[in-house]
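One-letter residues, chain by chain:
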Amino acid sequence: MNNSGNVEAVAEVKKGNKWIVVTSISSPTEDVKRLASMKEWNVVVVADTKTPFDWKLDGVHLLSVEYQKQLHEYFFLRLGLNQFQYEDTVSGIRYRVNNKSDESVSNRLFNPYRFFGMDQMWPRGFPLEHIESHTNGNSKQVSCYKMKRASVQQGLVHHDPDVDAIYRLLNADSNSGLDVKFNKFAPPITLSVGTYSPWNSQNTLFHKSAFHTLFLPTTVSFRTTDIWRSFISQKILHLSGLTVSFVPTNAVQFRNAHDYLKDFKDEKQVYEDSGKMIQFLHKWKCSNETSIDLEGCIGQLTQDLVKENLWGEEDADLMGMFLTDLKKMGYEFPELIGDDNTDPYAPSTNEKSREVNCRRMHLEFDLINPTENEEEKFKKSADKLNYFGDLVEWCNETGYTNLSKTFPSPEQLEKEHEKSHVLQKDKNSILIAVNNYPWKYGIGLIQRLYQPYFASIIFCGSWYPDQIEDEDNFTSTIHPVNYIHMNPAEMTRGYFGYHCLTLVKEMGLSNVEGYFFMADDTVFNIWQRIDYSRVHHLQGYRNDVQHDWWNSEVGINATRRIVERMKKNKDEKLAKTWKQFDDRLRKYGFVKGKETVEEEMLSKKGKSLSDFFYIPTSESDFYASLMRLFYEEKFFLELAVATFLKTVKHQNSLEGPKYYLWGGDRGQWAKFYTKDAIGMHPVKMSPFRRPGEQRRKYCKTFIQTWSDIMFGGSRNFTVKGDNDPDYANG
């Protein structure tokens, strides 16, 4: 029986004021039952004419068809789970227009599916004329420490995401549909004012500041209405300096089988007019007569959409009625800013200032073609082999030709590397490569060694593309490069390089197990096992007293500034971090009895060489918050990290191999190198730029060892502790 009765099932409203709204034509499914069981979330099921008349589930609010008619068909969908962002101010990545003089639609488009790792795939509503050439561009991303969270947030879905009928006709199985999995590490990304992307009506969170954009057009087809709403919504939000974001996958979509050709016909206006719609909206400006307030501008926009034949007169009238209803409910419209506002989240251009909120960066993941699952499965292994092949040729230039010319197939290598606990952990971790000075040479060498083994390598330091030097084809930079920029004043010759990990953490990457911090002149033997559940540091905490660095502006004077700042602090988050800091110092015996955290900070104790360490995700929030405080008050690297180590249960490397080289030993690093060390510092890359004895030594020791262990088969690959769950080096 169809749900056409005058029924509204009302459940008790849970605390938390969070609501999930879903549509359903079936009896209560397992997914709906799971949503209903979530604490602090209220679930509303909006009935369809096909929904069973006797639909009922304890704890769920049901809006029947008849009840919807009583509401004059005006209600708002507010979908979302904890993947969405609720705090007013957040950290994260923004996508922006880097060339405002370029008025083209392509310059202002964003393809979320590409950002989340899908190649040759686009959301329904993406202008077809731009699919082939559009790449989301370079130099369009910034990372911001503090920004206003997006007013509308679209969550991605695994398995069968929203694509147009053309994509489905070409790629979907007629029975099972699509089977897509987006990159699991990609973070949320916010679109800046002036950029556009289509989004649908499902799995979308509207904050109160966007309620006035909820209206769905009625004079266009069913497959057009939510796409038109998404474009118009973005323009209206832009008038108030508000934005839209895309958040990582938080649901799985299973679609009912249906007629893709019918969808194709229903999407005709989307195919023909999406580009026109975006171009119109971008160039549209509110006239002086109607620009008194936002409501007046929206009224003008609705009429101009009619003139452009982008929707009908009835929608302009309904939009007016919708806004009137909102006002009667007490809704307050956001402030009208207009079209000429300055972007508050533009990247800093002052290379001498440490006061940076937003900075240049780029983050891009390996693109996967979902229609080529078998080939994609071995892509990482193929990269490992191809990149190492470049290094073999690079070593051959020195006359060192002992490296193997015979390697396993990608399928064989994948099978071998899947056996390694270490490599399975590494591929869920982020490697941060840090340079104390502007990056010039060595990026391509680091990429070829490490990039296929980690979720991502992110280069951190002073990043000036015109200064990067590629000496040869074998170690040239592999594009795209993931990086985050710290200007020379922020880095100060490496004094504050530890800030790189904080900046990467603030990007908001998802499902990361941990973060490796590695100076660019460190040799990292990735096959060596550590305890991934806790902080790992090559040296660990050293209770050095009265070290020279302590008696400096970045030592005791920095700790004085920290102590004074915390006495005056009114920031609740920072206060929470400081309380954690105090509690942890007491837990590990650095503050006892009536002693205070302030006294410990001023005691001038501790120093740890910190060119390589690992922070598990479980400690990363605390690290990022505490170390940002230390960075802002100019606390030196080796002292700041030592202070952090006082507060965590950490692992240091076993005594034996040399990890740090001093004096004359630095020139003889090859003599001390061993595969049993986790890392060694420093091994400078500049002597390897041209063929010669220094590069030959590097090939004969490190590259040869890498070849033997990583590509020598299971007989050579399994090193001490690799697959022993009770073993950790340290």
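How each quantity is defined
Residues numbered from 1 in each chain as written. Predicted model: local features only at pLDDT ≥ 70, side-chain atom pairs only at ≥ 80, totals over all residues. Heavy atoms only, no water. Helix = DSSP H or I, 4+ residues; strand = E, 2+ residues; numbered from the N terminus. Rg over C-alpha atoms; globule rule 2.2 N^0.38 Å. Buried < 20%, exposed > 50% of the residue type's maximum accessible area, 1.4 Å probe, protein only. Areas by Shrake-Rupley, 256 points an atom, 1.4 Å probe, with all protein chains shown as cover. Lys, Arg positive; Asp, Glu negative; His and termini not counted. Charge placed at Lys NZ, Arg CZ, Asp CG, Glu CD. Axes fitted to C-alpha atoms, helices over the stretch in contact; angles between N-to-C directions. Parallel < 35°, antiparallel > 145°, perpendicular 65-115°, else oblique. Contact = heavy atoms within 4.5 Å. Nonpolar A, V, L, I, M, F, W, Y, C, P; charged D, E, K, R; others polar. Core = buried A, V, L, I, M, F, W, Y, C linked by side-chain atoms within 4.5 Å. Salt bridge = Lys/Arg side-chain N within 4 Å of Asp/Glu carboxyl O. Disulfide = S-S within 2.5 Å. Domains from an automatic or database assignment. Buried area = accessible area lost by both parts, 1.4 Å probe. Polar contact = N/O pair within 3.5 Å; in protein donor to acceptor, adjacent residues only side chain to side chain. Expected span 1.5 Å × (residues − 1). Left-handed = near helix turned anticlockwise from the far one by under 90°.

Visitor: Could you give an account of the overall build of the protein, naming the residues involved and the relevant values?
Guide: The helix and strand tally for the protein stands at 25 helices and 20 strands. In terms of overall size, the protein behaves like a compact globule, its C-alpha atoms giving a radius of gyration of 28 Å where 730 residues would be expected to give roughly 27 Å. Oriented by its inertia axes, the alpha-carbon framework of the protein measures out at about 85 × 65 × 55 Å. Within the span of the protein, comprising 730 residues, buried residues form 56% of the whole. Accessible area of the protein: about 31,700 Å², with a carbon and sulfur share of 48%. The distance from the centre of the 91 positive side-chain charges to the centre of the 98 negative ones in the protein is 7 Å.

Visitor: If you had to explain the packing of helix α6 (residues 222–238) against helix α8 (residues 268–283) to someone new, which residues and values would you point to?
Guide: The geometry of α6 relative to α8 is characterised by a closest axis approach of 10 Å and an angle of 10 degrees between their N-to-C directions. Compared by their axis directions, α6 and α8 come out roughly parallel. Only Q269, V270, D273, S274, M277, I278, L281 and H282 of α8 make contact with α6, whose side of the interface consists of R223, T224, W228, F231, I232 and K235. Across the contact of α6 with α8, the residue classes break down as seven nonpolar, four polar and three charged.

Visitor: Give me the lowdown on the nonpolar core, citing residues and values where you can.
Guide: Ranked by internal contacts, the top residues of the largest apolar core, which has 124 residues, are I430, I432, Y498, F581, F630, F635 and F644. Among residues more than four places away in sequence, those in contact with F630 are Y498, I562, F581, M601, F635, A640 and T643. Among the nonpolar cores identified, the runner-up in size contains 58 residues, and L403, L413, I530 and A677 belong to it.

Visitor: Summarise the pattern of salt bridges; cite the residues concerned and give the values.
Guide: Counted by the stated rule, this structure contains 41 salt bridges. Of the charged contacts in the structure, one is a salt bridge between R223 and D263, with a shortest N-O distance of 4.0 Å. Note that R223 is positioned in helix α6 and D263 in helix α7 (residues 260–266), a separation of 40 residues in sequence. According to the relative accessible area criterion, D263 is buried, its value standing at 8%. Two residues, R628 and E632, come together in a salt bridge whose shortest N-O distance is 3.3 Å. Here R628 pairs with E632, and both are found in helix α21 (residues 617–632), just four residues apart, close to one helical turn. One network of salt bridges, with partners in common, ties together E506, R565, R628, E632 and E633.

Visitor: Describe in detail the state of the cysteines, supporting the description with residues and values.
Guide: Tallied over the full model, the rule gives four disulfides. The partner cysteine of C286 in its disulfide is C297, sulfur to sulfur 2.1 Å. For the disulfide bridge between C286 and C297, the dihedral angle about the S-S bond is near -95 degrees, and by the sign convention the bridge is left-handed. With a gap of eleven residues between them, C286 in the loop between α8 and α9 (294–307) and C297 in helix α9 connect regions that are remote in the sequence. For the pair shown, C286 and C297 are each scored as buried. Between C460 and C500 runs a disulfide, and the two sulfur atoms are separated by 2.0 Å. Residues C460 and C500 are joined by a disulfide whose S-S torsion is about -80 degrees; by sign, that bridge is left-handed. Taken together, the residues C460 in strand β13 (residues 456–461) and C500 in helix α17 (residues 499–505) connect sequence positions 40 residues apart. For C460, a relative accessible area of 0% corresponds to the buried category.

Visitor: Describe in detail the domain arrangement of the protein, supporting the description with residues and values.
Guide: Taken as a whole, the protein is organised into domain 1 (18–72), domain 2 (85–329) and domain 3 (378–718). With centres defined by C-alpha atoms, the gap from domain 2 to domain 3 works out at 39 Å. Of the residues lining the interface, twelve residues belong to domain 2; the matching set on domain 3 comes to 15 residues. Summing both sides of the interface, domain 2 and domain 3 together bury roughly 1,100 Å²; the carbon and sulfur share of this comes to 53%. Together, Y145, K184 and F185 form the three largest contributors to the area buried by domain 2 at its contact with domain 3, with a combined 52%. In this structure, E87 engages K573 in a salt bridge whose closest nitrogen and oxygen atoms are separated by 2.7 Å. The interface formed by domain 2 and domain 3 holds six residue pairs in polar contact (both at pLDDT 80 or more) in total. Of all the secondary structure elements, the ones that give two or more residues to the side of domain 2 that touches domain 3 are β5 (89–95) and β6 (141–148). Looking at the side of domain 2 that touches domain 3 element by element, the count peaks at three residues for β5. Tallied by class, residues from the side of domain 2 that touches domain 3 come to seven nonpolar, three polar and two charged.

Visitor: Report on helix α12 (residues 379–396), specifying residues and quantitative values.
Guide: Its 18 residues place the ends of α12 26 Å apart at the C-alpha level, agreeing with the 26 Å of an ideal helix rising 1.5 Å per residue. Buried within α12 are the following residues: S381, D383, K384, L385, Y387, F388, L391, V392, W394 and C395. Taken together, the buried residues of α12 touch α13 (410–417), α15 (443–450) and α24 (693–710).

Visitor: Which residues make up the packing of α6 against α9, and what values do they have?
Guide: Working note: a packed helix pair is described by the angle between its axes plus the distance between those axes. Contact pair α6 / α9: the axes reach a minimum separation of 11 Å and the direction vectors enclose 145 degrees. By crossing handedness, the relation of α6 to α9 is classed as right-handed. Contacts between α6 and α9 involve I232, K235 and I236 from the first element and L294, I298, L301 and L305 from the second. Taken together, the residues of the contact of α6 with α9 sort by class into six nonpolar, no polar and one charged.

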